[in-house]
Structures are given as structure tokens and as C-alpha cells.
Amino acid sequence: MRRKALAFDHFLHLNVGKCSNFGSGVIFEYNGSALVAMVGKNCFAIASDRRLGVQLQTIATDFQKIYRIHHTLFIGLAGLATDTQTLYQRLVFRHKLYHLREERDMKPETFASLVSAVLYEKRFGPYFCQPVIAGLGDDDKPFICTMDSIGAKELAKDFVVAGTASESLYGACESMFKPDMEAEELFETISQALISSVDRDCLSGWGGHVYLVTPTEVTERILKGRMD
Amino acid sequence: MMKIDFSGLDPSLPVKGNAEDLDDEILAAPSFKLPVTVDFDGFQKAAVQMVKPAKGTTTLAFIFKHGVMVAADSRASMGGYICKALLILNLYKINLYLAASQSVKKIIEINPYMLGTMAGGAADCQFWHRNLGIKCRLHELANKRRISVAGASKLLANILYSYRGMGLSVGTMIAGYDESGAGLYYVDSEGGRLKGTRFSVGSGSPYAYGVLDSGYSFDLSVEDAAELARRAIYHATFRDGASGGVASVYHVGPGGWKKLSGDDVGEMHYSYYPIEPTTVEQEMADVRIA
């Protein structure tokens, strides 16, 4: 069983609006999102969809879900949009303070622990976000991880996914992924996995946003997808 | 086993004679077995709730000088969530927002001069439209003339009214051409039946109405009316998450219905709004990295 049971699956006691008889996951399906990060040979790619919606209505098709912490560390945030924006602002604040004190950027493993701690601080009133962290660590070794909304880290060597389209993304990545791909091939793979998965999800899609990071450069690309 | 018998409400049953020659199944009014439950009212309420969120679609129809234009998208999303009545036995959670199919036929051909649109439960719409087609054909054979659109929609509305409160989910438009000209009726599973000139049904209908109402005129040509219908469906698929796939457009004229087009809305977006790479964007990107 590849995927650990993550905490938000069991939040049956949470009352979110009128949805108490819906079960736990409805608040995560309010805005809609799809995030995926993949590891290649000395590089990584992180991709998201571009939709911001209010349940079924689409509000924006250029909404940013992947944020840059420093030049080789990116965090993608899936879930309730207001919480993702607030959480990002908190994390950037913490990283800037760290940079002032330590006079260097944070390593991705350290940043992941920071995110986990910040999320667990709100254990009994959590941020409804699922982060995907991707960065280049020591010796330019790519690092990816995801966590649930209360900070349980899941490290992976190949790919991590998050969002309303996560089940389709797991299937697509599992079948398309190969280890040690070069940058261009990694870009193709992650783009195909993202586009084919969001086409099966009503709440995500409307384009794609891919960041491809190698030790020497960061490439940002917008994907042309189905706008329905 | 209990059976609900609605034959009293159905006026079109022919006089019983030579009943042995004809299959009883065709002539008898549809009756469905009821489940054996302890709490039937509770089961009914849960059943109604189960289908409720499922009207994820966009369909529209309007009357104009040359007949009726009917259009629909083709996406089906899975409706349903945790059904309380069955929690005791097994907990099943269906992903409400999974796009189960991008190629569902939502415009149903009742007979060569009448179309019905599908919104709500797919099974409900398919079954009752086919049942309506049977009744229309029987009317033709019994009365030696075609049934009017008003009559056909009344038949359907009466059937749906008799099942009111039992959890059917049907939001359909009956469009056709008969002796009094073009006819368009909206019929739903609450038992409502409305005659009108412009309708749109489904979760994407507000967006379709916006485009349809601003571009509509009675004197449109067939091509312009088809383009209006296609564009209204496209805009609804763009804004509504539960609509998408292919925009089908049908025209019902004096000679019957004809399918005019079936265009993929993903490609339609880029033909209406082609991508133009601008130099301004390039400059701004350079500044940001530095």
C-alpha cells in the first residue's frame, strides 16, 4: 500500500458549513486544485492547474498555486484557497527571518520540517491545505515531499500529488513515471500526467503551470489545456 | 411484493380486446416493485437526496423563425454521496466531481420530428423518453395522425407528476414541429410543465442564458441560430465545472430534426480566443528573475 492514510480522511467530526452529513472531504473540494511534483536526474519539476472556482463556478483561470521560497525551493499548496494564501505568507515570513539570522537559504528538508510544525500548531483548527514541497538539497539532489493538512510528512523518491484530482494523478504518474529522466523528458511526462488527470476532474484544470528546476536554471511554462 | 399501479392516471390505454395477442408488458402502465424496508419514508428521503446534486449539465433550446434549435454539452459527472440509509450496511463514498464521461448523448431522439434533452439522472431521462416515444407511436397508430408537441409533453408531465416525491431527477425540454408550428415545452420531475420560446436547463444554464438572451432574435437565420446555440454552450462549459466535452447542435424544422454540428469545446476556446504571445509579457518575465 503505497500511500499512507492521511489525517483529513478521518475528520468526520468536523462541521464545515452545512456539510455535516457529507463526510470530511468537502471543504477541500470548495476551490479545486491539482498539484504534482516529480524527480528527475539532478532536477525536479512541480506543476499545478490554474483554476480558481467556487464549487462548480469558475472564477479565475490564472490562479497561482505554486510559490517560490528561494531559487531552488518551491512549495505548491492545494486545498482551500484562502488558507493556501495565508499559509504561504506565513512561510515566506519565517524563511525571510531564517535568511536574516543564518545568512543562507533553508535546505528543503529543513523547510519541510518547518511546514510540518506550522501545520501541527493548528492541530485542532487546521489550515485546509495540502502542501507539496520540492527543492534541490545538498549536492543538487532533488527532494520532494507532501503532507496532509496537519503536517504528516510523506517523503517520496519518485513523485507526489495533491488536490481534488489526486486519485487520477496517482494513476497517471504511476504509469508514466520512469526514474532518472532528463529535464526535457521530465517536463513532457509531468505535463502529460497533469493534463490527462485534470481532464477527469470537474474542479481542476483550465490550463497548467509547470516549473522545471535544474542546478543552473529555472524554467516556467504555461500549458495549453482544455478550458471546460 | 408490493407494486404501485398507476393505470388509473393513464388515459391513453386502448380498449381491452384481443388482449391475448398483445404482450401485456407494452399495454400496462409501468409499475415498479417497491423495496421491503422498515422505514420507507426515510428510504425515500435518502433516495431523493442521492440524486439531487446530479443536474450537472448545460442544455438549451429556443424557437425562432425556422423552427427550434436545440443544443447540449456532453459531460456526465458522477452524482451521489454518502447515502445515510445504507450507512449501516456499507459506507460508500462516490467522488461527486469525477468527470465520468465526456461523450454522453444528452439530446434524445424521441421520433423523427421530436427531440428531448437530458438533464438530471441519466437513467431516468433515457427510460422515460423512450417510454414517451412508445406512447407517441401508439397514439399515431390509434389515431392515424401524429401527436402534437403539447400532447407529448403533457403525457410525460403526467407520468412524472405521478412519481413526484419518489426521487426521480428529470429536467427535460421537449422540442418538436407539429401542425401548429414549432413547439417547445419544459418538463421536470417536480411535475412542472411550461410552454415557452427560450429555455436552458442544468448547472450551466445561468451562463448559457446570458449569451442566449443577449444574442437572440426571432429572425435569425439557421446558421446564425446554430452559432448562437453553440457559443452559449461553449461559454457555459467554460464557467461551469460540471459541463464540458462536445457541444452538439440540432435543428428541428418542418421536415423533422437534423443534427447540425458536434464541436469539441476545448478546441472551440482556442478558435474564439487564439493564443497570442506578446512581447510585453517577455520583458516582465525577465525583470522578475533578476
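Only a predicted model underlies this, so the values are computations on that prediction, with no experimental measurement involved.

Focus: the overall build of chain B
(1) Moving on: Of regular secondary structure, chain B possesses eight helices and 12 strands.
(2) Moving on: A sequence separation of at least 24 residues applies to 65% of the contacts in chain B between residues at least 6 apart.
(3) Moving on: Summing over all exposed atoms, chain B offers an accessible surface of approximately 15500 Å²; the carbon and sulfur share of this is 57%.

Brief notes about the confidence of the model for chain A
(1) Moving on: For chain A, per-residue confidence averages 89 on the pLDDT scale, and 89% of positions sit at 70 or higher.
(2) Moving on: Below a pLDDT of 50 lies the segment residues 5-23 of chain A, which in the model reaches 29 contacts outside its immediate sequence neighbourhood of four places, other chains included.

Quick word on empty space enclosed by the protein
All names here are of chain A.
(1) Moving on: Taken as a whole and judged by the stated rule, the model has three cavities of 30 Å³ or more.
(2) Moving on: Considered as a void within the structure, the second largest cavity measures approximately 80 Å³ in volume.
(3) Moving on: Along the wall of the second largest cavity there are 13 residues; nearest its centre are Val-198, Asp-199, Ser-204, Gly-205 and Arg-226.
(4) Moving on: The class makeup of the residues in the lining of the second largest cavity is four nonpolar, four polar and five charged.

Considerations on the nonpolar core
(1) Moving on: Formed by 27 residues in total, the largest nonpolar core has its most connected members in Leu-60, Phe-62, Met-69, Leu-228 and Ala-229 of chain B.
(2) Moving on: Elements with a minimum of two residues in this core: strand 1 (59-64), strand 2 (67-72), helix 5 (205-215), helix 6 (222-239), strand 11 (246-253) and helix 7 (265-272) of chain B.
(3) Moving on: By residue number, the principal contributor to this core is helix 6 of chain B, which donates nine residues.
(4) Moving on: Apart from the residues within four sequence positions on either side, Met-69 of chain B is in contact with Leu-60, Ala-61, Phe-62, Phe-64, Val-222, Ala-225, Ala-226, Ala-229, Val-249, Tyr-250, His-251 and Leu-260 of chain B.
(5) Moving on: Core analysis: the second largest hydrophobic core is formed by 26 residues, Ala-165, Ala-172, Phe-187 and Val-210 of chain A among them.

Details of the sheet that holds strand 9 (residues 193-195) of chain B
Through backbone hydrogen bonds, the strands of a sheet pair up, either in parallel or in antiparallel fashion.
Residue and element names in this part refer to chain B.
(1) Moving on: The strand order across the open sheet built from five strands is 5-6-7-8-9, with neighbouring strands paired in antiparallel fashion. The two strands at the open ends of the sheet, each matched to only one other strand, are strand 5 (107-111) and strand 9. Averaged over neighbouring strand pairs, the angle between their axes works out to 20° when direction is ignored.
(2) Moving on: One ladder, built from four bridges, connects strand 5 with strand 6 (residues 114-117); its direction is antiparallel. Along strand 6, the bridge assignment pairs Ile-107 with Thr-117.

Description of the packing of aromatic side chains
(1) Moving on: As enumerated under the stated definition, the model contains 14 aromatic pairs over all chains in all.
(2) Moving on: Through a chain of ring-to-ring contacts, three or more aromatic side chains come together here, namely Tyr-234, Phe-238, Tyr-272 and Tyr-273 of chain B.

Some points on the pattern of salt bridges
(1) Moving on: Scanning the model with the defined rule gives 15 salt bridges over all chains in all.
(2) Moving on: Between Asp-49 of chain A and Lys-65 of chain A there is a salt bridge; the shortest N-O distance is 2.8 Å. Of the two residues, Asp-49 of chain A is situated in strand 2 (residues 44-49) and Lys-65 of chain A in the loop between strand 4 (57-60) and strand 5 (66-70); the sequence distance between them amounts to 16 residues. Pair check on accessibility: Asp-49 of chain A and Lys-65 of chain A agree, each one buried.
(3) Moving on: Within this structure, Arg-226 and Asp-228 of chain A together with Arg-75 and Asp-264 of chain B form a network of salt bridges that share partners.

With respect to the pairing of strand 2 of chain A
All names here are of chain A.
(1) Moving on: Strand 2 sits mainly inside the fold: six of its six residues count as buried.
(2) Moving on: Residue alternation in strand 2 divides its side chains into two sets, Phe-44, Ile-46 and Ser-48 and Ala-45, Ala-47 and Asp-49, and both sets are buried.
(3) Moving on: Alignment of strand 1 (residues 34-39) against strand 2, held across five bridges, turns out to be antiparallel. Looking at strand 2, one finds that Val-39 is bridged to Phe-44.
(4) Moving on: Where strand 1 folds back onto strand 2 in an antiparallel hairpin, the turn is made up of four residues, including Asn-42, whose phi is positive at roughly 55°.
(5) Moving on: Where strand 2 lies against strand 11 (residues 208-213), six bridges are found, and the strand directions are antiparallel. The partner of Asp-49 across the bridge, within strand 11, is Gly-208.

Describing the interface of chain A and chain B
(1) Moving on: Facing 23 residues of chain A, the contacting portion of chain B comprises 31 residues.
(2) Moving on: Taking both sides of the interface into account, the surface hidden between chain A and chain B amounts to around 2400 Å²; carbon and sulfur atoms contribute 49%.
(3) Moving on: The interface formed by chain A and chain B includes 10 residue pairs in polar contact (both at pLDDT 80 or more).
(4) Moving on: The leading source of residues in the side of chain A that touches chain B is strand 4 of chain A, at three residues.

Observations regarding the sheet that holds strand 11 of chain B
Residues and elements named next belong to chain B.
(1) Moving on: Judged by pairing direction, the sheet is antiparallel, and its five strands sit side by side in the order 10-1-2-11-12 without closing on themselves. Strand pairing shows two members of the sheet lacking a second neighbour, strand 10 (198-201) and strand 12 (256-264), which therefore form its edges. Taken over all neighbouring pairs, the strand axes of this sheet differ in orientation by 15° on average, direction set aside.
(2) Moving on: Across five bridges, strand 2 lies against strand 11 in antiparallel orientation. If you follow Val-68 over to strand 11, its bridge partner there is Val-252.
(3) Moving on: Its contacts with the sheet put helix 5 on strand 1 and strand 10, and the angle it makes with strand 10 is roughly 155°.
(4) Moving on: Helix-sheet contacts for helix 6 involve strand 1, strand 2, strand 11 and strand 12, and the interaxial angle to strand 1 is about 155°.

Considerations on unusual backbone geometry
Residue and element names in this part refer to chain A.
(1) Moving on: The phi angle at Asn-42 is positive, at roughly 55°, despite the residue not being glycine.
(2) Moving on: By the secondary structure assignment, Asn-42 is in the loop between strand 1 and strand 2.
(3) Moving on: Asn-42 sits in the partly exposed class, given a relative accessible area of 45%.
(4) Moving on: Residue Asp-140 is not a glycine yet carries a positive backbone phi of 55°.
(5) Moving on: Looking at the secondary structure, you find Asp-140 in the loop between strand 7 (129-136) and strand 8 (142-147).
(6) Moving on: The exposure class assigned to Asp-140 is partly exposed, which follows from its relative accessible area of 34%.

Procedures and definitions
- Residues numbered from 1 in each chain as written.
- Chains lettered and ligands numbered in written order.
- Predicted model: local features only at pLDDT ≥ 70, side-chain atom pairs only at ≥ 80, totals over all residues.
- Heavy atoms only, no water.
- Helix = DSSP H or I, 4+ residues; strand = E, 2+ residues; numbered from the N terminus.
- Contact = heavy atoms within 4.5 Å.
- Areas by Shrake-Rupley, 256 points an atom, 1.4 Å probe, with all protein chains shown as cover.
- pLDDT = per-residue confidence, 0-100.
- 1 Å grid on protein atoms, 1.4 Å probe; cavity = no way out; pocket = protein on both sides within 12 Å on 5 of 7 lines; lining within 4 Å.
- Points joined across faces, edges and corners; volume = space filled by probe spheres on them.
- Nonpolar A, V, L, I, M, F, W, Y, C, P; charged D, E, K, R; others polar.
- Core = buried A, V, L, I, M, F, W, Y, C linked by side-chain atoms within 4.5 Å.
- Buried < 20%, exposed > 50% of the residue type's maximum accessible area, 1.4 Å probe, protein only.
- Pairing = 2+ DSSP bridges.
- Axes fitted to C-alpha atoms, helices over the stretch in contact; angles between N-to-C directions.
- Phe/Tyr/Trp six-rings, centres within 6.5 Å; stacked < 30°, edge-to-face > 60°.
- Salt bridge = Lys/Arg side-chain N within 4 Å of Asp/Glu carboxyl O.
- Buried area = accessible area lost by both parts, 1.4 Å probe.
- Polar contact = N/O pair within 3.5 Å; in protein donor to acceptor, adjacent residues only side chain to side chain.

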